[in-house]
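Survey of secondary and tertiary structure
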Amino acid sequence: MYLRTIELVKGGFRKLLSTRQTRCFLQEYRSNSSTFQVYIEMDKITALRYEPLPEDSPYVKPFRMYYTQNGEEKSWDLLKVHDSVAIIIFNKTSQKLLLVKQFRPAVYHGVISSAQGGNISTIDLEKYPPQLGITLELCAGIVDKSKALVEIAQEEVLEECGYNVPVERIESVLTYRSGVGATGALQNLYYCEVTDGDKVNSGGGVDGEIIDVVELGLEDARQMLTQGSVVTSPPSCLLGILWFLTNKLPKH
């Protein structure tokens, strides 16, 4: 798999790429007799529709909790989801943070729901282009295997960003609860420093994931946290950037 690395700066991309190129990455496929390459577009979303969640979903299980609080019976609708890890990655060679971009259906739905209310049956892809659902995030992944959490974090750094680092260089930062209104899932936040010498492939994810690696300059990272900023990043990403700027920012 091949994925170009984008350098995000104020006003757009530092490299002079066409609009189509900034949304595509090159992926290589192999068969018994040949090798071929295709461009994959992150925002090429078509035939979008809604259906009820099947009961056998391996990722999300909805249920209702009933409880009595201070003598009053109450209920709360919940979602059981996997716990997760997230990794703040700093490239010491380039002096930039490494983040990832990907299309998030939940974010896309949230944008549309906020704009036209909760009753959504059809979606106008021209009025609401799929780019609205593309987020900027920390490298992260769910905990769905019997491995140490730091080893899962190590795998995510390799799969999503293409850097192979030993677990000894992955530092535990914080453990907290995300989605406290609906899931209460546990997320473990880590910090990892890499160099260009650690890069062994282009990253981009596995199992059909379409992920871009983004190099974020330190000044641009600060700008994401300024008062009044509107970003398509989850709180864990903003927390990770703030933690880095507070605790690990290179001293000059």
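Residues numbered from 1 in each chain as written. Predicted model: local features only at pLDDT ≥ 70, side-chain atom pairs only at ≥ 80, totals over all residues. Heavy atoms only, no water.

A few words on the overall build of the chain. For the chain, the count of helices and strands is four helices and 13 strands. Here the chain holds 252 residues, and 37% of them are scored as buried. Of the roughly 15,000 Å² of accessible surface on the chain, a fraction of 52% belongs to carbon and sulfur atoms. (Helix = DSSP H or I, 4+ residues; strand = E, 2+ residues; numbered from the N terminus. Buried < 20%, exposed > 50% of the residue type's maximum accessible area, 1.4 Å probe, protein only. Areas by Shrake-Rupley, 256 points an atom, 1.4 Å probe, with all protein chains shown as cover.)

Our next topic: the pairing of strand S10 (residues 139-142). Because side chains alternate across S10, one face comprises the buried residues Cys139 and Gly141, and the other comprises Ala140 and Ile142, none of which is buried. Here strand S7 (residues 84-91) runs beside S10; their pairing, made up of four bridges, is antiparallel. In the strand pairing of S10, Ser84 is matched with Ile142. (Pairing = 2+ DSSP bridges.)

Turning our eyes to something else, we now look at the pairing of S7. Counting buried positions along S7 gives eight out of eight residues, so the element sits mostly inside the fold. Burial along S7 is two-sided: Ser84, Ala86, Ile88 and Phe90 facing one way and Val85, Ile87, Ile89 and Asn91 facing the other are all buried. Judged from the eight bridges that link them, S7 and strand S12 (residues 185-194) form a sheet pairing that is parallel. Across the sheet, Ile88 pairs through a bridge with Tyr191, a residue of S12. Direction of pairing for S7 relative to strand S8 (residues 96-103): antiparallel, over a ladder of three bridges. Its bridge partner being in S8, Ile89 is matched across the sheet by Leu98. Two successive antiparallel strands, S7 and S8, enclose a turn made up of four residues, where Gln95 displays a positive phi of approximately 60°.

So, on to a nonpolar patch on the surface. A grouping of Phe63, Met65 and Trp76 is seen on the molecular surface, where their side chains present a nonpolar patch of about 310 Å² in accessible area. Among the secondary structure elements, Trp76 is positioned in strand S6 (residues 72-80). Accessibility expressed as a relative area gives 44% for Trp76, which makes it partly exposed. (Patch = residues over 30% accessible without salt bridge, like charges linked within 9 Å, V, L, I, M, F, W, Y side chains within 5 Å. Salt bridge = Lys/Arg side-chain N within 4 Å of Asp/Glu carboxyl O.)

Following the criterion strictly, the structure yields four aromatic pairs and no others. With 4.9 Å between their ring centres and 35° between their planes, Phe90 and Phe244 make a pair best called tilted. Of this pair, Phe90 sits in strand S7 while Phe244 sits in helix H4 (residues 235-247), placing them 154 residues apart in sequence. Relative to Phe244, the ring of Tyr191 has its centre 6.1 Å away and its plane inclined at 35°; by these criteria the two rings are tilted. Of this pair, Tyr191 sits in strand S12 while Phe244 sits in helix H4, and the two are 53 residues apart along the sequence. Phe244 shares its class with Tyr191; the two are buried. An aromatic cluster of three or more residues is present, and its members are Phe90, Tyr191, Trp243 and Phe244. (Phe/Tyr/Trp six-rings, centres within 6.5 Å; stacked < 30°, edge-to-face > 60°.)

The next subject is unusual backbone geometry. Here Gln95, not a glycine, exhibits a phi torsion of approximately 60°, which is positive. Summarising the element assignment, Gln95 is placed in the loop between S7 and S8. Residues other than glycine seldom take positive phi values, yet Asp207 does so here, at roughly 55°. Along the polypeptide, Asp207 turns up in the loop between S12 and strand S13 (212-216). With relative accessibility at 80%, the residue Asp207 sits in the exposed group.

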